[in-house]
Amino acid sequence: MKLTAAITGVGAYVPDYVLTNQELETLVDTNDEWIQTRTGIKERRILKGENQGTSVMAIKAVEQLLAKTNTRPEEVDLLICATTTPDLVFPATANIISAAAGLTKAFGFDMQAACSGFLFALATGAQFIQTGTYKKVIVVGADKMSSIVDYTDRATCIIFGDGAGAVMLEPNTEGYGLLDQQLHSDGNGEAYLHQKAGGSRRPPSAETVANREHFAYQEGATVYKFAVKGMADVAAVVAERNHLTPDTIAWLVPHQANKRIIDATAQRVGIGPEKVMLNIHKYGNTTNATIPLCLWDYESQLKQGDDLIFAAFGGGFTWGALYVKWAYDGSAKNGG
């Protein structure tokens, strides 16, 4: 059989601090019922402390992944970090992670595709495996969204949390791994979901800080409409193209942006809630970390041969879906 890139392990990390809906009620004009009804979120994790960047969480996720897969750091060939909140403009957060985790033989780079970044990075990392170029590729999805959230804006501060997840990709010839993909982007979506300042177009200045332009901005209703259609349609395309039915799909692994978007995607694919990975209620939207955090939470329930559909939608706009045939029994190999 042809060479494919299989996920052979999952690692993750979420900060200890829990930001509840009740605490948010003290910061902005909102309430627990309103938040849960519209988003499905009850709480989210926040990374606290001085000089604590996205890499802090990603390093812990990678170290856990190395331990669970019995991989020596020097065996890793490549690390791709999907993030919207890099530690610095440069060097790449991937390089900071690699240095701290001892990946002395690996090269690395960051990928920015907003909330679709982990899928784009996974598809990219798979190419290095499928061509026979590398044997071990780590793909990290990590974000410290609290660093770009305006906690006076009730439209966005209720949504986002911090976290990191990582997967190992290795060669497979038995039909497991990433088998199909459908990825899209449309720059016309920039106006509806973006960060106004901090880049080369509007570098940081006293004016941009005073105007609160260094936070995530979104036009919620428009983003919701595009996200529902984008995620749902692309997930359905990948399922139909691979002759996957509601009966044969083991799990839908959706980006955890909003419970209503997740429900709409599942309905479009035709599967019930019992087959949908869901953890938005406890982590919120961790951007690039949502999908690997789902795999981490549900790993013990995954079985070799399970057919999974990954789906995501992000600012820019970006969206996509992957078909993955799971390569191992989660409970047996990695202890859940």
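Predicted, not measured: the structure shown is a model, and the values here were computed from it.

Caption draft 1: Examining the sheet that holds strand β5 (residues 107-111) more closely. Strand order in the open sheet formed by 5 strands is β1-β7-β6-β4-β5, with mixed pairing between adjacent strands. The open sheet has two edge strands, β1 (4-13) and β5, and neither has a second partner. Within the sheet, the average angular offset between the axes of one strand and its neighbour, ignoring direction, is 20 degrees. Judged from the 5 bridges that link them, strand β4 (residues 78-82) and strand β6 (residues 137-144) form a sheet pairing that is parallel. Counted as the bridge partner of Leu 78 is Val 137 from β6. Lying over the sheet, helix α11 (residues 290-298) contacts β1, β6 and β7 (162-172), oriented at roughly 85 degrees with respect to β1.

Caption draft 2: Focus on the environment of Thr 54. Structurally, Thr 54 is set in helix α3 (residues 54-68). Under the relative-accessibility criterion, Thr 54 is labelled buried at 2%. Sequence separation of Thr 54 and Gly 163 is 109 residues, and the distance between their C-alpha atoms is 8.1 Å. Beyond its immediate sequence surroundings of up to four residues, Thr 54 is in contact with Thr 83, Thr 85, Asp 87, Ala 142, Asp 143 and Lys 144.

Caption draft 3: Here's a closer look at the sheet that holds strand β13 (residues 318-325). Overall, mixed pairing links the 4 strands, which are arranged β8-β13-β12-β11 in an open sheet. Lying at the two open borders of the sheet, with one neighbouring strand each, are β8 (177-185) and β11 (249-254). On average, adjacent strands in this sheet sit at an angle of 10 degrees to one another, irrespective of strand direction. As judged from the 8 bridges shared by strand β12 (residues 307-314) and β13, these two strands associate in the antiparallel manner. Residue Phe 310 lies in a different strand from β13, and its bridge partner there is Leu 322. On the sheet, helix α8 (residues 220-241) packs against β8, β11, β12 and β13 and is oriented at approximately 155 degrees with respect to β12. This element, α11, spans β11 and β12 of the sheet and lies at about 135 degrees to β11.

Caption draft 4: Local environment of helix α4 (residues 93-101). Along α4, the residues classified as buried are Thr 93, Ala 94, Ile 97, Ser 98 and Ala 101. The buried residues of α4 occupy an angular sector of 135 degrees when the element is viewed end-on, so they sit on one face. In the core, the buried residues of α4 are packed alongside α3, β4 and β5. Remark: Gly 102 follows α4 within two positions and exhibits a positive phi of approximately 80 degrees.

Caption draft 5: Local environment of the packing of α3 against α4. Two elements in contact, α3 and α4, have axes whose closest approach is 9 Å; the angle formed by their N-to-C orientations is 50 degrees. In terms of their interaxial angle, α3 and α4 are classed as oblique. Of the two possible hands of crossing, α3 and α4 adopt the one that is right-handed. Each of Ser 55, Ala 58, Ile 59, Val 62, Glu 63 and Leu 66 in α3 lies in contact with α4, whose residues at this interface are Thr 93, Ile 96, Ile 97, Ala 100 and Ala 101. Per-class residue counts for the contact of α3 with α4 are 8 nonpolar, 2 polar and 1 charged.

Caption draft 6: Structural detail: the nonpolar core. Counting 40 residues, the largest nonpolar core has Ile 7, Leu 122, Val 253, Leu 295, Leu 308, Phe 310 and Trp 326 as the members making the most contacts within it. No other element matches helix α5 (residues 117-130), which puts 8 residues into this core. Met 231, Val 269, Phe 313 and Trp 319 belong to the second-largest nonpolar core, a separate cluster that totals 25 residues.

Caption draft 7: Highlighting the packing of α8 against helix α9 (residues 259-269). For the pair α8 and α9, the least separation of the axes is 8 Å and the interaxial angle reads 30 degrees. Relative to α9, the element α8 is oriented roughly parallel. In this structure, α8 meets α9 at a crossing whose hand is right-handed. From α8, Tyr 224, Ala 227, Val 228, Met 231, Ala 232, Asp 233, Ala 235, Ala 236 and Glu 240 reach across to α9, where they touch Arg 260, Ile 261, Ala 264, Thr 265, Arg 268 and Val 269. Partitioned by chemical class, the residues of the contact of α8 with α9 number 10 nonpolar, 1 polar and 4 charged.

Caption draft 8: Up close: the pattern of salt bridges. Taken as a whole and judged by the stated rule, the model has 13 salt bridges. The residue Arg 202 makes a salt bridge to Glu 213 at a minimum N-O spacing of 2.8 Å. Placement of Arg 202 in the loop between β9 (193-195) and α7 (206-210) and of Glu 213 in the loop between α7 and β10 (216-218) is noted, with a sequence separation of 11 residues between them. The shortest N-O distance in the salt bridge between Asp 263 and Lys 259 comes to 3.0 Å. In this pair, Asp 263 and Lys 259 are both assigned in helix α9, 4 residues apart and thus about one turn of the helix distant. Residue Lys 259 is classed as partly exposed on the basis of its relative accessible area of 28%. Connected through shared salt-bridge partners, Arg 72, Glu 74 and Glu 75 make up one network.

Conventions adopted
- Residues numbered from 1 in each chain as written.
- Predicted model: local features only at pLDDT ≥ 70, side-chain atom pairs only at ≥ 80, totals over all residues.
- Heavy atoms only, no water.
- Pairing = 2+ DSSP bridges.
- Helix = DSSP H or I, 4+ residues; strand = E, 2+ residues; numbered from the N terminus.
- Axes fitted to C-alpha atoms, helices over the stretch in contact; angles between N-to-C directions.
- Contact = heavy atoms within 4.5 Å.
- Buried < 20%, exposed > 50% of the residue type's maximum accessible area, 1.4 Å probe, protein only.
- Arc of directions from axis to C-beta.
- Parallel < 35°, antiparallel > 145°, perpendicular 65-115°, else oblique.
- Left-handed = near helix turned anticlockwise from the far one by under 90°.
- Nonpolar A, V, L, I, M, F, W, Y, C, P; charged D, E, K, R; others polar.
- Core = buried A, V, L, I, M, F, W, Y, C linked by side-chain atoms within 4.5 Å.
- Salt bridge = Lys/Arg side-chain N within 4 Å of Asp/Glu carboxyl O.

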